[in-house]
Amino acid sequence: MTDYRLYIDGEFCEASDGGRFDSVNPANGQVWATAPAATEADVDRAVVAARRALTGGDWATMSATNRGRLLFELADRVAGRASHLGEIETRDTGKLAVETRGQSAYVADYYRYYAGLADKIQGDTLPIDKPDLHVFTIREPVGVVAAIVPWNAEMFLTATKVGPALAAGNTVVIKASEEAPAPLLEFAEVVHEVGFPPGVINLITGFGEPCGRALTSHPLVSRVAFTGGVETARRVVENTAQNFAHLSLELGGKSPILIFNDADLEGAVNGAVAGNFGASGQSCVAGSRVFVQAGIHDEFLERLIGRAEAIRIGDPLHEDTQMGPLATEAQRDRIEAVVAESRDQGATVHTGGKRPEGFDTGWYFEPTVLGCDSQSIRSTQVELFGPVMSVLTFESEEEAVAMANDSVFGLGAGVFTTDVGRAHRVAKAVHSGIVWVNTYRAISPVAPFGGFGQSGHGREAGIDTIYDYTRTKTVWINTSEDPMANPFVMR
Ligand code: NDP
């Protein structure tokens, strides 16, 4: 059993009232760690520490190049500890260790990318339309950044916020999900070793209420970077409205995968499998609406079912396991309920749809393929965050695009075709922030990531994100030898 501590102002500490909560291993339902439940007072302490670090001391006066050096050091230490950090994430979330270890190592590249950008943030000199005035802009840090992350990819979603925030000179308070507090508190050890000035990075764990609410509505927080579900996002919008904090939202999705008659079938099946059964489907970009053109529907379905049924379910720590459990019992129960409702509405369960045999403990669910004849069926509408895909057919490209766009979400989309013209047409027509053609779920620090509509706004990763963590100051300088003119004498 590991008892974690909060990391505030450069020190490890308990919650102010000593409160703690359990963290459960989804593979066996056992409590394996405890974490402090941060109170409003703890949130305030973390934000005040972050504000202090921003306005005075080593961080406030550090050159951008040296900020970059610290981030490079952080990257190297995360990479060096990737295997351990990945394993912790697996214990807390049930995600496959082979995936979490690899992801933790790749997270280092996100820090490296932003480390390199730290001293490339520049203002402009403006070609101003007035004589004797020299006008330029400065990009300043925006202030204290609150980062709120969900449980499903904590190390990664922390890096996409902390990397640009620190590179731009801000300070941060990060709140982990109550479902998976451990990865972030392990990360705190790495942060501490790097030697950031106290208060630059603060890591807290606790519940949405009061901890998340107190953080996102704190008057000293200038910027909130939120990743999570739509309902929570609505509360965060209300919270940030108190102080008009700048907000980015990375929310859920109901992403479509469009598979045309001319597609390479093997690649398309791989896309659907990766998009739905990778991470047990607990991915914001899960391609859970799969649209298949009528000419290849039956063959595609047959291959897909074969692949789904061959997936090895098991302990996520084992190297040969291909699909682990869901992160929470509530999540497994909800998926079961939606699958049952969809079946009642006419969906055909081609495979899966139930708990796998032989797993008496842990929150496992079989890879599930539902055949749906319309998007009025519940499984095609709600984000399930589990290994369940709904397969539908279409006749024409126009119909496929219309069906894909019939959603309030707009995060990812997959297109499988060998027709290059169609690839471009559909990529342009699809209403989503990311389109993958003949691939799926690829990510990079270099490539902007984010959604349209109810999938949120703002982007993470990519070069422009760094400006999202700055504010522009415009400076006007009178270069004339004469004093400023009397405003009541017109020239
Ligand atoms: P939630 O929305 O339940 O929680 C997200 C975070 O918000 C958690 O840290 C949670 O804390 C916190 N929170 C809860 N209430 C409040 C509040 N009132 N104020 C501030 N923060 C609060 O999402 P899940 O953790 O269940 O994660 C799954 C969701 O995340 C899915 O919808 C998924 O699509 C989305 N997601 C989006 C991604 C993207 O990049 N677009 C990437 C990954 C996931 P606590 O856990 O303590 O309640």
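Shown above is the structure to which this text applies.
Fair warning: this is a prediction, and the values are worked out from it, not measured in the lab. (Residues numbered from 1 in each chain as written. Predicted model: local features only at pLDDT ≥ 70, side-chain atom pairs only at ≥ 80, totals over all residues. Heavy atoms only, no water.)

1. Regarding the overall build of the protein
A count of helical and extended segments in the protein gives 14 helices and 21 strands. The C-alpha radius of gyration of the protein comes to 24 Å, within 12% of the 23 Å expected for a compact globule of 491 residues. Across its three principal axes, the protein shows a C-alpha extent of roughly 80 × 60 × 40 Å. The burial tally for the protein puts 55% of its 491 residues in the buried class. In the protein, 72% of the contacts between residues at least 6 apart in sequence involve partners at least 24 apart. Entry remark: accessible area of the protein is about 20100 Å², with carbon and sulfur atoms responsible for 50%. Charge centroids of the protein, computed over 41 positive and 63 negative side chains, lie 4 Å from each other. (Helix = DSSP H or I, 4+ residues; strand = E, 2+ residues; numbered from the N terminus. Rg over C-alpha atoms; globule rule 2.2 N^0.38 Å. Buried < 20%, exposed > 50% of the residue type's maximum accessible area, 1.4 Å probe, protein only. Contact = heavy atoms within 4.5 Å. Areas by Shrake-Rupley, 256 points an atom, 1.4 Å probe, with all protein chains shown as cover. Lys, Arg positive; Asp, Glu negative; His and termini not counted. Charge placed at Lys NZ, Arg CZ, Asp CG, Glu CD.)

2. Details of the site of the ligand
In the region of the ligand, 32 residues are neighbours, and Glu178, Gly229, Thr232, Leu251 and Glu383 sit closest. Within the backbone of Arg213, an N or O atom sits 3.4 Å from a nitrogen atom of the ligand. Here the ligand, which alone exposes 910 Å², has 89% of that area covered by the protein. Among the elements of the structure, helix 8 (208-216), strand 11 (221-227) and helix 9 (230-241) are those that each provide at least two residues to the shell around the ligand. Here the shell around the ligand is built from residues that sort into 14 nonpolar, twelve polar and six charged. Inspection of the shell around the ligand shows a minimum of three residues originating in each of domain 1 (2-251 + 455-475) and domain 2 (256-437). (Near = heavy atom within 4 Å. Polar contact = N/O pair within 3.5 Å; in protein donor to acceptor, adjacent residues only side chain to side chain. Nonpolar A, V, L, I, M, F, W, Y, C, P; charged D, E, K, R; others polar. Domains from an automatic or database assignment.)

3. Details of the sheet that holds strand 21 (residues 470-478)
Read from one edge to the other, the open sheet built from three strands follows the order 6-7-21, with strand pairing classed as antiparallel. The open sheet has two free edges, formed respectively by strand 6 (125-126) and strand 21, since each of these has just one partner strand. Here strand 7 (residues 133-141) pairs with strand 21 via nine bridges, running antiparallel. Within the sheet, the bridge partner assigned to Glu140 lies in strand 21 and is Arg471. (Pairing = 2+ DSSP bridges.)

4. A closer look at helix 10 (residues 265-277)
Here helix 10 contains 13 residues, and its C-alpha end-to-end distance of 18 Å stays within 8% of the 18 Å for a straight helix at 1.5 Å per residue. Among all positions in helix 10, only Leu265, Ala268, Val269, Gly271, Ala272, Val273, Gly275, Asn276 and Phe277 are buried. Summarising the contacts, the buried residues of helix 10 are in contact with strand 13 (256-259), strand 14 (289-293), helix 11 (297-309), strand 16 (368-371), strand 17 (388-394) and strand 18 (412-416). N-cap assignment for helix 10: the residue whose side-chain oxygen lies 3.2 Å from the backbone N of Glu266 is Asp264. Just beyond helix 10, the residue with positive phi is Ala279, at close to 55°. (Expected span 1.5 Å × (residues − 1).)

5. Concerning the sheet that holds strand 14
Spatially, 15-16-17-14-13-18-19 is the arrangement adopted by the seven strands of the open sheet, whose pairing is mixed. The sheet terminates laterally at strand 15 (348-351) and strand 19 (434-437), the two strands that pair on one side only. Ignoring which end each strand starts from, the neighbouring axes of this sheet average 25° apart. Here helix 10 sits on the sheet in contact with strand 13, strand 14, strand 16, strand 17 and strand 18, set at roughly 140° to strand 17. (Axes fitted to C-alpha atoms, helices over the stretch in contact; angles between N-to-C directions.)

6. Regarding the pattern of salt bridges
Evaluated as defined, the whole model comprises 31 salt bridges. Linking Lys120 and Asp119 is a salt bridge whose minimum nitrogen-to-oxygen distance equals 2.8 Å. For Asp119, a relative accessible area of 35% gives the class partly exposed. (Salt bridge = Lys/Arg side-chain N within 4 Å of Asp/Glu carboxyl O.)

7. Some details on the nonpolar core
By size, the foremost hydrophobic cluster in this structure holds 51 residues, and its most contacted members are Leu74, Val78, Tyr111, Phe196 and Ile201. Counting only elements with at least two residues in this core, the list comes to helix 3 (64-80), helix 5 (97-117), strand 8 (144-148), helix 6 (154-167), strand 9 (171-175), helix 7 (182-194) and strand 10 (201-204). Once residues lying within four places of it in the same chain are set aside, the contact partners of Val78 are Leu85, Ser104, Val107, Ala108, Tyr111, Met155, Phe187 and Val190. (Core = buried A, V, L, I, M, F, W, Y, C linked by side-chain atoms within 4.5 Å.)

8. Overview of helix 14 (residues 420-429)
Three or four residues apart is the spacing at which side chains of an α-helix point the same way, because the helix has 3.6 residues per turn. Looking only at helix 14, the buried set comprises Arg422, Ala423 and Val426. Seen end-on, helix 14 carries its buried residues on one side only, within an arc spanning 105°. Along helix 14, exposed side chains directed more than 90 degrees from the buried face belong to Val420, His424 and Lys428. Next to the buried residues of helix 14 lie strand 13, strand 14, helix 13 (397-404), strand 18 and strand 19. A side-chain oxygen of the first residue of helix 14 lies 3.0 Å from the backbone nitrogen of Gly421; this N-cap is Asp419. (Arc of directions from axis to C-beta.)

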